[in-house]
Amino acid sequence: MSTPPSQSAAALAANDMAQRPSDSQWGDIVQQLGAEIAGPLSAALERVNQLMSTGQIDRQGLRSLRDAVAQAREAGMVSQQLSRLASGRLRLSRERVHLTQVLRGVLTQRSRETQARGIQIRQLLQPIEIMTDASLLFSLLNAVMDWALANTHSSLEMRLDLTPWPAKARLMCRFAHRSLDLGTAPASAIAEAPEALNSLTWRLIEQTALTMGVLPLREDEAGITMLTLEFANTVGDEPGLQAAPQPQPRPDRPELEDPQPSHNSKPLAGCHLLIVSPRREVRQEIQTAVRHMGLIIDAVASMDEALQFCEEGLPHGIAFEQSLRDASFERLHADITAEVPNFSFIEVRDGEQQTQLSTATPDRMARISRQNLPDALPSVLLFELSKAL
């Protein structure tokens, strides 16, 4: 089993602006991936063996089994996003993005999760616009939240401001990576950063930032971690910082158009979709239609289960069967849209139904026929979920 990189090695990696990681660096990441998947699955297998030998499992054992499987699943999802970055085939867009609004949207989306964990987020955000790839920015901010929430022993402080000339957007995330009540703990234990800070999620933050041309700086000192992300292409009043036109495919290189989806071109990789349907075949049809998109997918059979699922944290979108549009759904819809007005709901209907985007319906919900799922659902999801990017 691999060992996480040392603190000094992590600092070097965090502050290295090399745009193309070496083969050995990717080799280390693959080795770490194996460890982070094998560890939880070994624990899960031990629980399963215990269940088979005794024929019973207590509530604590069941919770441990569920947590172990969830950890392995999360590592697999992170690996999909790292694979996308490693491919070298990403075509980055360059568009004008309101960084402050996107960050606030992510914090709002994660508010239930932070409240469930009892974590407060202090926001000190200046209004700033940048030129960047909106999809990768969304992935980067969510990865920062995943990493910080997994490691914090305090509240999170999110600060967004501008550096002195030359002005660069600077996002700072600060938290305590050890308990603030250390008592008589030795000074060496306080000075050494936990290995969990160098997890696969941290690797994802590093590689996403470097792919975007963003400088990731991390400091771990005296029990406090400070991550700083510097965005070079900040939009100001200067004429030279206006939005650049989108690149067009070259007629002599038709392969660059990449019309077919692949594991290297997943603009929604890491987004979370919840499927709600009492019929197993419908759940499977929806999952099959979007399998190539790199989404994190969960499925439940009823609106009551969906309500319970969303109590701990919101997905980025919900695809639900029309037959479940009842009082429980209305309660769920009202509850979520009160927090996230542009949240994506996609209604799946039996029979002939014209595909409609949320912008074309009075209730702002997308609709699609079950028979059109394979052809139309990926495009509908791309439009609906991209509204949050």
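Residues numbered from 1 in each chain as written. Predicted model: local features only at pLDDT ≥ 70, side-chain atom pairs only at ≥ 80, totals over all residues. Heavy atoms only, no water.

Draft legend 1. Here's a closer look at helix α12 (residues 373-386). Compared with the 20 Å implied by 1.5 Å per residue over 14 residues, the 18 Å span of α12 between its first and last C-alpha is a close match. Turning to α12, its buried residues number three or more, namely Leu373, Ala376, Leu377, Pro378, Val380, Leu381, Glu384 and Leu385. Buried-residue contacts for α12 involve β8 (272-276), α9 (280-289), β10 (317-321), β11 (344-349) and β12 (366-369). (Helix = DSSP H or I, 4+ residues; strand = E, 2+ residues; numbered from the N terminus. Expected span 1.5 Å × (residues − 1). Buried < 20%, exposed > 50% of the residue type's maximum accessible area, 1.4 Å probe, protein only. Contact = heavy atoms within 4.5 Å.)

Draft legend 2. Representation of the nonpolar core in the model. One finds Leu137, Leu229, Phe231, Val290, Leu295, Leu377 and Leu381 to be the most contacted residues of the largest nonpolar core, which totals 68 residues. Ranked by residues supplied to this core, first place goes to helix α6 (residues 134-151) with 12 residues. Ignoring any residue separated from it by four or fewer positions in sequence, one finds Leu381 in contact with Leu268, Leu273, Val290, Met293, Leu295, Ile346 and Ser386. Cys310, Val340, Phe343 and Met365 belong to the second largest nonpolar core, which has 18 residues in total. (Core = buried A, V, L, I, M, F, W, Y, C linked by side-chain atoms within 4.5 Å.)

Draft legend 3. Just the packing of helix α3 (residues 59-86) against helix α8 (residues 200-212), in detail. Interaxial distance between α3 and α8 falls to 10 Å at its minimum, and their mutual angle equals 20°. The angle between α3 and α8 falls in the class roughly parallel. Both α3 and α8 take part in a crossing whose hand is left-handed. For the pair α3 and α8, the contacting residues are Glu74, Ala75, Val78, Gln81, Leu82 and Leu85 in the first and Leu200, Thr201, Arg203, Leu204, Gln207, Thr208 and Thr211 in the second. Per-class residue counts for the contact of α3 with α8 are 6 nonpolar, 5 polar and 2 charged. (Axes fitted to C-alpha atoms, helices over the stretch in contact; angles between N-to-C directions. Parallel < 35°, antiparallel > 145°, perpendicular 65-115°, else oblique. Left-handed = near helix turned anticlockwise from the far one by under 90°. Nonpolar A, V, L, I, M, F, W, Y, C, P; charged D, E, K, R; others polar.)

Draft legend 4. Highlighting the packing of aromatic side chains. With the rule as written, the count across this model stands at 5 aromatic pairs. Considering the side-chain rings of Phe329 and Phe345, the 5.8 Å spacing of their centres and the 85° angle between planes classify their relative orientation as edge-to-face. Of the two residues, Phe329 sits in helix α11 (residues 327-339) while Phe345 sits in strand β11, which places them 16 residues apart along the sequence. Both residues of the pair, Phe329 and Phe345, count as buried. Just above the ring of Trp202 sits the side chain of Arg218; from NZ or CZ to the centre is 4.7 Å. (Phe/Tyr/Trp six-rings, centres within 6.5 Å; stacked < 30°, edge-to-face > 60°. Lys NZ or Arg CZ within 6 Å of the ring centre and 35° of its normal.)

Draft legend 5. Region of interest: the environment of Gln71. Residue position: Gln71 is located in helix α3. Expressed as a C-alpha distance, the spacing of Gln71 and Glu36, which sit 35 residues apart in the sequence, is 8.0 Å.

Draft legend 6. Region of interest: the environment of Thr163. One can find Thr163 in the loop between β4 (156-162) and β5 (169-176). C-alpha of Thr163 to C-alpha of Phe231: the two residues are 68 residues apart in sequence and 10.0 Å apart in space. Apart from the residues lying within four places of it in its own chain, the contact partners of Thr163 are Lys168, Arg170 and Glu230. At a separation of 3.2 Å, a polar atom in the side chain of Thr163 contacts the main-chain carbonyl oxygen of Pro166. (Polar contact = N/O pair within 3.5 Å; in protein donor to acceptor, adjacent residues only side chain to side chain.)

The values are spatial; any link to function lies outside them.
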